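Here's the letter readout for the chains.
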Amino acid sequence: MKHAQAEILREYGPFPGVDSVRGVSFDGRRVWFASGDRLNTLDPESGRLLGALDRAAHAGTAFDGKHLFQIADAAIRKIDPDTGKVVGMIPAPGKGEDSGLAWAEGTLWVGQHRSRKIHQVDPETGAVLRTIESDRFVTGVTWVAGELWHATWEGDISDVRRIDPATGTVLERLEMPAETNVSGLESDGGDRFFCGGGNSGTVRAIRRPRRLDTR
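Residues numbered from 1 in each chain as written. Predicted model: local features only at pLDDT ≥ 70, side-chain atom pairs only at ≥ 80, totals over all residues. Heavy atoms only, no water.

### Considering the packing of aromatic side chains
Part 1 of the argument: One pass over the full model with this rule turns up 5 aromatic pairs.
Part 2 of the argument: Arranged with centres 5.6 Å apart and planes meeting at 15°, the rings of Phe-69 and Trp-103 form a pair that is stacked. With Phe-69 in strand 8 (residues 68–72) and Trp-103 in strand 11 (residues 98–104), this residue pair connects regions lying 34 residues apart in the sequence.
Part 3 of the argument: The exposure class assigned to Trp-103 is partly exposed, which follows from its relative accessible area of 26%. (Phe/Tyr/Trp six-rings, centres within 6.5 Å; stacked < 30°, edge-to-face > 60°. Helix = DSSP H or I, 4+ residues; strand = E, 2+ residues; numbered from the N terminus. Buried < 20%, exposed > 50% of the residue type's maximum accessible area, 1.4 Å probe, protein only.)

Set out below in structure tokens:
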């Protein structure tokens, strides 16, 4: 297993009225982050907040290329990002104990915090298609270039780890500095991960490792 210290590229926030950052997503231009009672949009280049949707946003956030998906209570809501209208809803597999959320392969990937699992979920029905076990609490989840990554947060210790999507084996770890916790996690499709900073009220960008071996 590869192991390295995470390289923090930038920190955004804290932001007015944001006590906690939960889910994080990226639509190719804007970072979206959940803060409990709303979904906020952030320009990752200027660091400015661009607006917000008044929607319950308690945990993971994902984007499928057209719609946002947001965990709130025991449900995953499908949201039009332009209007904030809820256009669909499915049950969340953890029944309120869900954490991270990602979109890949036409499905949702849902972190289960204390049960240390990631579920692949049918976005139309909420049916669990398969489950991957982790050996740590699972917070954010993201896919990039065929790689499955998830964040962990136990006590004041967090890391971001690449795992084998078939077995759950940890292939690589990026260790965050002490007391720098990771709630949500999303890739920009390139060299950055955007990490929710939990109760710090911030979003951090860290460097995604590049290598020849992209198993």
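### Some remarks on empty space enclosed by the protein
Part 1 of the argument: Applying the stated criterion across every chain, the model contains 1 cavity of 30 Å³ or more.
Part 2 of the argument: Taken as a whole, the largest cavity encloses approximately 30 Å³ of empty space.
Part 3 of the argument: As for the largest cavity, its lining consists of Gly-23, Val-24, Gly-60, Thr-61, Gly-100, Leu-101, Gly-140, Val-141, Gly-184 and Leu-185. (1 Å grid on protein atoms, 1.4 Å probe; cavity = no way out; pocket = protein on both sides within 12 Å on 5 of 7 lines; lining within 4 Å. Points joined across faces, edges and corners; volume = space filled by probe spheres on them.)

### Regarding the sheet that holds strand 2 (residues 8–12)
Part 1 of the argument: With respect to topology, 4 strands assemble into an open sheet ordered 2-21-20-19, the strand pairing being antiparallel. Where the open sheet ends on each side, the last strands, each with one partner, are strand 2 and strand 19 (185–187). Direction aside, the axes of adjacent strands within the sheet are offset by 20° on average. (Pairing = 2+ DSSP bridges. Axes fitted to C-alpha atoms, helices over the stretch in contact; angles between N-to-C directions.)

### Thoughts on the pairing of strand 18 (residues 170–175)
Part 1 of the argument: Strand 18 sits mainly inside the fold: 5 of its 6 residues count as buried.
Part 2 of the argument: Note: strand 1 (residues 2–5) against strand 18, 4 bridges, orientation parallel. In the sheet register, Gln-5 faces strand 18, and the bridge partner there is Glu-175.
Part 3 of the argument: Across 5 bridges, the pairing between strand 17 (residues 157–163) and strand 18 is antiparallel. By the bridge assignment, Ile-163 is partnered in strand 18 with Val-170.

### Here we look at the environment of Trp-149
Part 1 of the argument: Position of Trp-149 relative to the elements: it lies in strand 16 (residues 147–154).
Part 2 of the argument: Taking relative accessible area as the criterion, Trp-149 reaches 0% and is therefore assigned buried.
Part 3 of the argument: Taking C-alpha positions, Trp-149 is 8.9 Å from Glu-186, a pair spaced 37 residues apart along the chain.

### Looking at the layout of surface pockets
Part 1 of the argument: Its boundaries defined by the atoms lining it, the largest pocket holds a volume of some 360 Å³.
Part 2 of the argument: For the largest pocket, the lining is made up of 22 residues, of which Arg-22, His-58, Ala-59, Asp-98 and Ser-99 are closest to its centre.
Part 3 of the argument: Among the elements that take part in the lining of the largest pocket, strand 11 stands out by supplying 3 residues, more than any other.
Part 4 of the argument: Taken together, the residues that form the lining of the largest pocket break down as 4 nonpolar, 14 polar and 4 charged. (Nonpolar A, V, L, I, M, F, W, Y, C, P; charged D, E, K, R; others polar.)

### What about the pairing of strand 11?
Part 1 of the argument: Among the 7 residues of strand 11, 6 are classified as buried, and the element is accordingly described as predominantly covered.
Part 2 of the argument: Looking at chain direction, strand 11 and strand 12 (residues 107–112) are connected through 5 bridges and run antiparallel. Across the sheet, residue Asp-98 finds its bridge partner in strand 12, namely Gln-112.
Part 3 of the argument: Counted between consecutive antiparallel strands, the loop separating strand 11 from strand 12 contains 2 residues, among which Glu-105 sits at a positive phi close to 55°.

### So, the pattern of salt bridges
Part 1 of the argument: Going through the model one piece at a time under the given rule, you end up with 15 salt bridges.
Part 2 of the argument: The residue Arg-210 makes a salt bridge to Asp-191 at a minimum N-O spacing of 2.9 Å. Here Arg-210 is found in the segment after strand 21 (203–207), whereas its partner Asp-191 is found in the loop between strand 19 and strand 20 (192–196), with 19 residues between them in sequence.
Part 3 of the argument: Residue Asp-191 is classed as partly exposed on the basis of its relative accessible area, which comes to 34%. (Salt bridge = Lys/Arg side-chain N within 4 Å of Asp/Glu carboxyl O.)

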